[in-house]
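Residue-level listing of the chains:
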Amino acid sequence: MGKKSSKKKPVRKLVEEKQEKEKGKKGILTKKKSKKELKKEAQKEVSKNHKKSFTSLFKSDSKKKKKKKSKKKKINIPKQQIFIAALVIIMLTILISTGFFLFSKAFRATPVAHYLPAENTVLTIEFNVDTNHKQMQQALELLDIRVPNILNLNNLSWIGRQAGVSILSYEDSLHTIYFAEISQQAGSQKFMEENPDSHRLGDYIFIAEDNQGIAALKALADKEPVSKTEKYIKIRNNLPFNRFGFLYLNFDLIDDNFFKNFPALSQRGLSKSLLDPFLKLFDAEGISFIALEDRFALQSFLSLNTNGLKNNSYIHLSKKYRAELSKFISPDVLFFWGGQNVEHQLNRLFEVLSLGRSSKFAFMEELLNTSIQKYFGDDVNLKDDILSLLSDEFAFAVEGNAKNKIYKVLIELDSPKADAERLKSLADSFSAAGAFFQTKVVPYTLPDGTQSREIVAVPEEILQQEDTYKEHVIHSMTMKKRKFAIHYTIKDNLAIISNNIDSLKQSIDLEQGTDSLMNSELFATNIEPILRSSDAISYLNLEVLLEDLFEDEKMIELLKPFSAITSGKNYFNDGISSINYLNLRENEEKAQ
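Note that the coordinates shown come from a computational prediction; the quantities given were computed from them, not determined experimentally.

Caption draft 1: Up close: the overall build of the protein. Helix and strand counts for the protein come out as 19 helices and 20 strands. The long-range share in the protein, meaning contacts at least 24 apart out of those at least 6 apart in sequence, stands at 61%.

Spelled out as C-alpha cells, the structure:
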C-alpha cells in the first residue's frame, strides 16, 4: 500500500473531535450531522489553515530580508587606521623586495665590472661557467657539447660561477687579462703561488699574458670602476640578467691601436677614421647572450651619445609596426626586411649620423639625391617624388632559391590614385634616363680616310609594356640585353614591385588564401615574438644565402651551425635596443 497523505491525519483527527461534539448535543430539535458532512467540513478547515501557514511563512521570510537590509550600515574606518594599513603594506613590499635582492645577490656572481678601471677598460666578456646554472645547461645542450667539468680537474676546482677576458688600454698599449671568480680560498691561493702573473681583486683572480698586464691592473686599482659609470649602468638596466654570457665594449677607447691588435678587423679595411662618425655617435654597447630552449638569443643595447642628439626629432615612430605586408610574401622567403615610414627612418639615420648638425644633414640628403637623379633624371627629387611614396609600411623580400633569386618590394600607399600616377611618372623617367649602358662597337672614318672602330657606351634600350591579371594592370620595363625586367602593379592601396611577373601575380593571390609568410610557422616562431617590441624586422635564411653573403671561409665556418637569423630594432631617446634569434640547423633537422 502507498503512503497516506500528510493531510489525512489532521482531517481524521478533526472528524473525531467533531463527532464527540455531536454526541454531546441534546434535545429533539437539535439535528446531528452525519460522519460524511463532518468529514467535508474538516477537509475545508484543514485546507484553509494550510494556505494561511504557507502565506505566513512567505511573509515572514520577506520580513527577515527587509530586516537584513535594514541592518546594513555604512562602515566608517578611521583615517589613522587606513594610514597604518598602507604603511604595513609598504613595509612588507620593501621587506620582500630586499629579501629577493639579498637572495639573488647570494646566488649571482659579483660582476667583474666592479674591479675594472672605467677609463682603461676597452672590452670585457664574461661567461657563466657554473654547470649547475640553467643557462649554462641549456647552452651546452643546444650546442650538443658533452664534456667533463674541467673546473674539477687539476688545480682549477677553485673557479666559481664567472670567468672571462678583458682588454685594458694602458700607456699606449693593450693588455689582455683573463679572470675567474673564486669559490675556494685554498685552491685559489695555491693557483696564485704557481702562477706569478696573477693578481687578486675582491672576489676574482686576474691572470695576465705577461707582467705588464698585471702591473697595469695594479696601477689602476684605485680608479673609478666600470660599474659606476653612467653608460654601463644604462646598458645593465636595459639588458636581462639571466644569461650565460655578457659583452661590454667602450667605444671611447677604440683607436688605431685597437685595430692593429685585431688583424681580422684591420684586414677588412676597418679603421678608426672609417668608423669615426659611428664611434662619435655611440659611447658603448652591451650584449647579453641567452640560451633559449630551442635556439640562442642575442639582446644588445647601443648607448647613444645624447650630447649630440639634444634636438633630434626622429627617434620615435608615430605608428606601431605590425608587418601587415608579410601576407603578400611567400612563406619560403629567403630574406625579409620590413618597417614603417622610410622617410622617417632615413631622417632619423641622417640625424643620428650628423649628430644634429644641419650642414652634415643637408650634405647626406644631397648625396642621396645625386644618386637618385642618376637613375631617374634631374627632374626627380628624393623627398618630393620618392620618399613621399614611402610614408607608410614597406617590405623588401628575396624569394626563390640560391640559383634563381626573386626580389620584391611592397609599399603601402597613402593616396592610391595620386601615387599610381607618380609611380608611372617614375617608370617613364627611369626609362628615359638611360642609366644602364651597354658596350657597342661603332665604325668611323679617320681624317685621312682610314676606316676604324671604337668601343662606346650606349644607353640600354628599356621596353615598356602593360599586361592585365585579375583586373590589375601590370606595368613592365624590360632590358633585353641584360635579360632583366621590373614589373609593378597597384592593388587597392598597395604597390607591388618585382623582377619576376609570376611572383608579382602570386602576391595578388596570397591575400585571399592562408599560404603566406604572415600565416606560416616561420612567422609565428621567429618574427612575431620579436615584432612585439621592434620598429623594424629582418629575417635571413643562412642555409641558402650564407655563401652569397660571405667570401671568408672562417666566417662561413663560424656561421654554419646556424640556419637562420631574425633581428628586430627599437629606438629610444638614449639608445638603440635590438634582439636577435639564432636558429640552429641540427635542432631543425631533428624536429623534421
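Caption draft 2: Molecular detail of unusual backbone geometry. One non-glycine residue, E171, lies in the positive phi region at around 50 degrees. Among the structural elements, E171 can be located in the loop between strand 2 (159–170) and strand 3 (173–182). At D172, a position not held by glycine, the phi torsion is positive, near 60 degrees. Given a relative accessible area of 73%, D172 falls into the exposed group.

Caption draft 3: A look at a negative patch on the surface. Judged by side-chain charge, E171, D172, D255 and D256 come together as a negatively charged surface patch. If you trace the backbone, D255 turns up in the loop between strand 6 (245–250) and helix 8 (256–260). For D255, a relative accessible area of 32% translates into the label partly exposed.

Caption draft 4: Region of the structure containing the nonpolar core. By size, the foremost hydrophobic cluster in this structure holds 36 residues, and its most contacted members are L247, F251, I254, F282, F296 and F562. Per-element tally for this core: the top contributor is strand 7 (residues 282–291), with 4 residues. When neighbours within four sequence positions are excluded, F251 is seen to be in contact with F278, L279, F282, D283, A284, E285 and L302. Of all hydrophobic cores here, the second largest spans 29 residues; its members include L325, A395, I474 and L522.

Caption draft 5: Structural detail: the environment of A420. With respect to the helices and strands, the residue A420 is situated in helix 14 (residues 416–433). On a C-alpha basis, the gap between A420 and T489 in space is 8.5 Å, while along the polypeptide they are 69 residues apart.

Caption draft 6: The layout of surface pockets, seen in detail. A volume near 1,700 Å³ is recorded for the largest pocket. For the lining of the largest pocket, the residue count by class is 34 nonpolar, 5 polar and 5 charged.

Caption draft 7: Focus on helix 7 (residues 230–237). Those residues of helix 7 not exposed but buried are K231, Y232, K234 and I235. Around the axis of helix 7, the buried residues are gathered within 160 degrees of arc, so they sit on the same side. Among the exposed residues of helix 7, those oriented more than 90 degrees off its buried face are E230 and N237. The inward-facing, buried residues of helix 7 abut strand 6, strand 7 and strand 8 (295–304).

Caption draft 8: Up close: the confidence of the model for the protein. Residues of the protein with pLDDT of at least 70 account for 66%, and the chain-wide mean is 76. By mean pLDDT, helix 2 (residues 35–71) is the weakest element of the protein at 54, and strand 6 is the strongest at 94. Confidence drops under a pLDDT of 50 for residues 53–72, and excluding neighbours within four residues, the segment shows 0 contacts in the predicted structure. Across residues 100–106, where pLDDT falls below 50, the model places 1 contact with residues more than four positions away in sequence or in other chains.

Caption draft 9: Inspection of the pairing of strand 9 (residues 335–340) at higher detail. Examined bridge by bridge, strand 9 and strand 10 (residues 393–400) share 6 bridges and lie antiparallel to one another. Of the residues in strand 10, the one forming a bridge with G339 is F394. Bridge count for strand 9 against strand 18 (residues 536–541) is 5 bridges, and the pairing is antiparallel. When the sheet's bridge partners are listed, F335 is paired in strand 18 with L540.

Caption draft 10: Main features of the side chain of S303. Looking at where S303 falls in the secondary structure, it is placed in strand 8. A polar contact is formed between the side chain of S303 and the side chain of D283, at a distance of 2.8 Å. Every residue in contact with S303, bar those within four places of it in the chain, is listed here: K231, K234, I235, F282, D283, A284, D574 and G575.

Caption draft 11: Quick peek at the side chain of S169. By secondary structure assignment, the location of S169 is in strand 2. Taking relative accessible area as the criterion, S169 reaches 19% and is therefore assigned buried. Setting aside chain neighbours within four positions, we find S169 in contact with N120, V122 and L174.

Caption draft 12: Inspection of the packing of aromatic side chains at higher detail. Within the structure shown, the criterion is met by 13 aromatic pairs. With 5.0 Å between their ring centres and 45 degrees between their planes, W158 and F191 make a pair best called tilted. Taken together, the residues W158 in the loop between helix 4 (134–142) and strand 2 and F191 in helix 5 (residues 185–194) connect sequence positions 33 residues apart. Here W158 matches F191 in class, with each residue buried. Among the aromatic residues, ring-to-ring pairing joins Y115, F179, Y204 and F206 into one connected group.

Cut-offs and rules
- Residues numbered from 1 in each chain as written.
- Predicted model: local features only at pLDDT ≥ 70, side-chain atom pairs only at ≥ 80, totals over all residues.
- Heavy atoms only, no water.
- Helix = DSSP H or I, 4+ residues; strand = E, 2+ residues; numbered from the N terminus.
- Contact = heavy atoms within 4.5 Å.
- Buried < 20%, exposed > 50% of the residue type's maximum accessible area, 1.4 Å probe, protein only.
- Patch = residues over 30% accessible without salt bridge, like charges linked within 9 Å, V, L, I, M, F, W, Y side chains within 5 Å.
- Areas by Shrake-Rupley, 256 points an atom, 1.4 Å probe, with all protein chains shown as cover.
- Salt bridge = Lys/Arg side-chain N within 4 Å of Asp/Glu carboxyl O.
- Lys, Arg positive; Asp, Glu negative; His and termini not counted.
- Charge placed at Lys NZ, Arg CZ, Asp CG, Glu CD.
- Core = buried A, V, L, I, M, F, W, Y, C linked by side-chain atoms within 4.5 Å.
- 1 Å grid on protein atoms, 1.4 Å probe; cavity = no way out; pocket = protein on both sides within 12 Å on 5 of 7 lines; lining within 4 Å.
- Points joined across faces, edges and corners; volume = space filled by probe spheres on them.
- Nonpolar A, V, L, I, M, F, W, Y, C, P; charged D, E, K, R; others polar.
- Arc of directions from axis to C-beta.
- pLDDT = per-residue confidence, 0-100.
- Pairing = 2+ DSSP bridges.
- Polar contact = N/O pair within 3.5 Å; in protein donor to acceptor, adjacent residues only side chain to side chain.
- Phe/Tyr/Trp six-rings, centres within 6.5 Å; stacked < 30°, edge-to-face > 60°.

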